[in-house]
Amino acid sequence: IIQRVADALDRSPDFFRMDVRLYELNRRFLWFIVFRFIVASAFLGASLTKTFLFSHIFISRTGLLIMAVILLCANFIYWAHYKHLVRVANFSLYSKRLSWNIQVQIMLDFMVLGYLAYRCGGLESSLVYFFLFHNVISCLFFQKKMSFFHTILSLAIIFLISLGPFFGFIPVHHFIFPVEAAAFYNNPVA
């Protein structure tokens, strides 16, 4: 299904398929767009069912809805930029600008993921592991220096959401049952 959706979004001319590197960059970009639509739809669904299914998680319906809207709007902007690049049909320009497009996507995804992981409990939440997936994707798209930069950025966000509450920069949030978890962390069993 994802492949068919990516094929439907593909606007590249046929001669782009002759260059394997451009073809693969194009395919990966489109997969990234499709996955972001899926995640945005999941946020939208979670915001609509928050009171029924996710009432114990410390993130508001509005927060989930805002993240869905941000991801959807950004995705449309990324895709519009892609369509413009395809129309120009310049190999070197396409490759450079699409790479920058993907870098911006990864950085925005890191910010949204960092916010979501923080609001859902920081290191208590299993969402911090999604940074690993983005770093793997970064390694597929980019060379060592840029992949290293994305890894450092993701680690900085993880350190911020884990050490920020400890040093009082940001308030503490717990993954589930925030009142009970706060009571436990403030009065540990001896």
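From a predicted model like this one, the values you see are computed outputs, not experimental measurements. (Residues numbered from 1 in each chain as written. Predicted model: local features only at pLDDT ≥ 70, side-chain atom pairs only at ≥ 80, totals over all residues. Heavy atoms only, no water.)

Can you lay out the nonpolar core for me, pointing to particular residues and giving the numbers?
Ranked by internal contacts, the top residues of the largest apolar core, which has 43 residues, are Phe29, Phe43, Tyr82, Leu98, Ile102 and Leu116. If you list the elements that add at least two residues to this core, you get α1 (2–9), α2 (20–48), α4 (61–88), α5 (91–119), α6 (130–141) and α7 (144–167). By residue number, the principal contributor to this core is α5, which donates eleven residues. With near-sequence residues (within four places) excluded, phenylalanine 43 lies in contact with Leu64, Met67, Ala68, Leu71, Val112 and Leu116. (Core = buried A, V, L, I, M, F, W, Y, C linked by side-chain atoms within 4.5 Å. Buried < 20%, exposed > 50% of the residue type's maximum accessible area, 1.4 Å probe, protein only. Helix = DSSP H or I, 4+ residues; strand = E, 2+ residues; numbered from the N terminus. Contact = heavy atoms within 4.5 Å.)

Tell me about the environment of valine 86, and name the residues and values.
Within the secondary structure layout, valine 86 lies in helix α4. Residues valine 86 and leucine 98, spaced twelve residues apart in sequence, show a C-alpha to C-alpha distance of 9.7 Å.

Can you break down a nonpolar patch on the surface residue by residue, with the values?
On the surface, Phe148, Ile152, Leu155, Phe159, Leu163, Phe166, Phe167 and Phe169 cluster together to form a nonpolar patch covering roughly 920 Å² of accessible area. Tracing the sequence through the fold places phenylalanine 167 in helix α7. The class of phenylalanine 167 is exposed, set by a relative accessible area of 54%. (Patch = residues over 30% accessible without salt bridge, like charges linked within 9 Å, V, L, I, M, F, W, Y side chains within 5 Å. Areas by Shrake-Rupley, 256 points an atom, 1.4 Å probe, with all protein chains shown as cover. Salt bridge = Lys/Arg side-chain N within 4 Å of Asp/Glu carboxyl O.)

Provide a residue-level description of the pattern of salt bridges, including the pertinent values.
Pairing is possible between side chains of opposite charge, provided their charged atoms come close. All told, the structure shown has one salt bridge when counted by the stated rule. Residues aspartate 109 and arginine 36 are paired through a salt bridge, measuring 2.8 Å at the closest nitrogen-oxygen approach. One end of the pair, aspartate 109, is in helix α5; the other, arginine 36, is in helix α2, with 73 residues separating them in the sequence. In this pair, the class of aspartate 109 matches that of arginine 36, namely buried.

Now, about the confidence of the model for the protein chain: what can you tell me, with residues and values included?
In the predicted model, the protein chain carries a mean pLDDT of 79, and 82% of its residues have values of at least 70. Mean pLDDT across the elements of the protein chain bottoms out in helix α8 (residues 178–186) (58) and peaks in α4 (88). (pLDDT = per-residue confidence, 0-100.)

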